[in-house]
Amino acid sequence: MNNTKGSLFMVAAMAAFSIEDMLIKSAAETTSIGLILALFGLGGMLIFMLLTWRKGQTILHPALMSKPILIRAVCEVVGRFCFALAITLTPLSSASAILQATPLIAMIGAALLFGEQVGFKRWIAVLVGFCGVLMIIRPGLDGFEATSLFAVVATLGFAGRDLATRAASPVLSNMQLGVYGFFVLIPAGIAIQLYQHEPLQLSSTAAVQIIGAIVFGVMAYNALTIAMRAGDVSVISPFRYTRLLFALGLGIFIFGESPDLATLLGSLLVVLSGGYTLFKRVKQSQQV
């Protein structure tokens, strides 16, 4: 196992995901969310279709219509749409910080749906992580922004997607799942566009930003896959949280954001709790 290689690819994946978020946020300044989702889904689907064909795999696999894949599709749309709204309407840094709670929610789902054993200390870590999320969104206080709840819903969607992926048939490859995941964004984006009745306008700058988001999104996906297959999960996975550092940097230097102390402390709690639960989970699996 090459832990150095895996760690570097994990960091590269998180950097690419952050750049993808930045480009989508920038494109949303002049282009509707529905159009962005549809184009993003189309581009990502075509790239993963080419990668799937290159590996000699079929696109329309019989397992496509299974219950886990259908649930995964719904969760993918909810997660993508709500996170796109979150990074558009709220600071990139705070939305990304809330997103780091996804592993915590996925852990709760795994305990409820798959019977995964969760010890007392991990439950405490989950509570600490959720306290961190509350520090970021601050419900009932002057600094509360209702639009930050989009990031919370996105986190639920992505956690559901991860759980559905775990329940999906192992005969489906990562590339095939990528095709299906991006495909569902096309009709969802069109439906959102029709519902919002916003004009179809796409400047050359926004088009380049969307293409860039697609490219960086696919790069991030591939780098993440390489990372998880290169080294020990216990060593590689904590580097997921570097995404928050990249998001903070991009938010400050590109969008002029100024995260306050509560947001920074809340982000720290989310990262520490997520890292701890991940470490305990890997340690427990190794003992088994």
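Model, not experiment: these values are computed from the prediction.

### Here we look at the pattern of salt bridges
This model, assessed by the stated rule, comprises 6 salt bridges. As a salt-bridge pair, arginine 243 and aspartate 21 come within 2.8 Å of each other at their nearest N and O atoms. Placement of arginine 243 in helix α12 (residues 242-253) and of aspartate 21 in helix α1 (residues 3-27) is noted, with a sequence separation of 222 residues between them. Of the two residues, arginine 243 and aspartate 21, both sit in the buried class. Between arginine 161 and aspartate 162 there is a salt bridge; the shortest N-O distance is 3.6 Å. On the accessibility criterion, aspartate 162 (35% relative accessible area) is partly exposed. Through salt bridges that share partners, Glu20, Glu76, Arg80, Arg161 and Asp162 make up one connected network.

### Considering the packing of helix α2 (residues 33-54) against helix α3 (residues 67-89)
For the pair α2 and α3, interaxial distance at closest approach is 11 Å and the crossing angle is 130°. On the basis of their axis angle, the class for α2 and α3 is oblique. The way α2 lies across α3 gives a crossing that is right-handed. In this structure, α2 uses Ile33, Leu37 and Phe40 to contact α3, whose residues at the interface are Arg80, Phe81, Ala84, Leu85 and Thr88. Tallied by class, residues from the contact of α2 with α3 come to 6 nonpolar, 1 polar and 1 charged.

### Observations concerning the UniProt feature "transmembrane region" (unreviewed entry) in the protein
Sequence positions flagged by UniProt for "transmembrane region" (unreviewed entry) are, in local numbering, residues 34-53, 95-114, 123-141, 147-165, 177-195, 207-227, 239-255 and 261-279. The span residues 34-53 is 100% helical and 0% strand by assignment, and the distance between its end C-alpha atoms comes to 28 Å. Secondary structure across residues 95-114 divides into 85% helix and 0% strand, with the first and last C-alpha atoms of the span separated by 29 Å.

### Remarks on unusual backbone geometry
A positive phi angle, near 55°, is found at histidine 197, a position not held by glycine. On the secondary structure map, histidine 197 appears in the loop between α9 (185-196) and α10 (204-230).

### A short note on the environment of alanine 227
Secondary-structure assignment places alanine 227 in helix α10. Using a relative accessible area of 0% as the deciding quantity, one classes alanine 227 as buried. Linking alanine 227 and glycine 6, residues 221 residues apart in sequence, is a C-alpha distance of 4.0 Å.

### Observations concerning the packing of aromatic side chains
What the rule picks out here adds up to 4 aromatic pairs. On the basis of an interplanar angle of 25° and a centroid distance of 5.5 Å, the ring pair of phenylalanine 48 and phenylalanine 182 is categorised as stacked. Within this pair, whereas phenylalanine 48 is found in helix α2, its partner phenylalanine 182 is found in helix α8 (residues 174-183), the two being separated by 134 residues in sequence. The buried category is assigned to phenylalanine 182, whose relative accessible area is 8%.

### Considerations on the nonpolar core
Of all hydrophobic cores here, the largest spans 58 residues; its most connected members are Phe40, Ile69, Phe83 and Val179. Sequence-distant contacts of valine 179, that is, excluding residues within four places in its chain, are made with Met45, Phe48, Met49, Thr52 and Ile59. Grouped together as the second largest cluster of nonpolar side chains are 10 residues, Met14, Ala16, Ala220 and Ile236 included.

### Some words on α9
Given 3.6 residues per turn, any residue in an α-helix points the same way as the ones three and four places further on. Between its first and last C-alpha atoms α9 spans 16 Å; for 12 residues at 1.5 Å apiece the expected length is 16 Å, and the two agree. Every buried residue belonging to α9 is among Leu185, Ile186, Ala188, Gly189, Ile192 and Gln193, and all of these are buried. Considered in projection along α9, the buried side chains sweep an arc of 165° and stay on one side of the axis. The outward face of α9, more than 90 degrees from its buried face, is lined by the exposed residues Leu194 and Tyr195. At its buried positions, α9 is contacted by α2, α3 and α8. Phi turns positive one or two residues past the end of α9, at histidine 197, with a value near 55°.

### Here we look at the environment of alanine 191
Locating alanine 191 in the fold gives a position in helix α9. Sequence spacing of alanine 191 and leucine 35 is 156 residues, and the spatial spacing of their C-alpha atoms is 9.6 Å.

About the cut-offs
- Residues numbered from 1 in each chain as written.
- Predicted model: local features only at pLDDT ≥ 70, side-chain atom pairs only at ≥ 80, totals over all residues.
- Heavy atoms only, no water.
- Salt bridge = Lys/Arg side-chain N within 4 Å of Asp/Glu carboxyl O.
- Helix = DSSP H or I, 4+ residues; strand = E, 2+ residues; numbered from the N terminus.
- Buried < 20%, exposed > 50% of the residue type's maximum accessible area, 1.4 Å probe, protein only.
- Axes fitted to C-alpha atoms, helices over the stretch in contact; angles between N-to-C directions.
- Parallel < 35°, antiparallel > 145°, perpendicular 65-115°, else oblique.
- Left-handed = near helix turned anticlockwise from the far one by under 90°.
- Contact = heavy atoms within 4.5 Å.
- Nonpolar A, V, L, I, M, F, W, Y, C, P; charged D, E, K, R; others polar.
- UniProt positions renumbered as here; feature names shortened; annotations may be inferred.
- Phe/Tyr/Trp six-rings, centres within 6.5 Å; stacked < 30°, edge-to-face > 60°.
- Core = buried A, V, L, I, M, F, W, Y, C linked by side-chain atoms within 4.5 Å.
- Expected span 1.5 Å × (residues − 1).
- Arc of directions from axis to C-beta.

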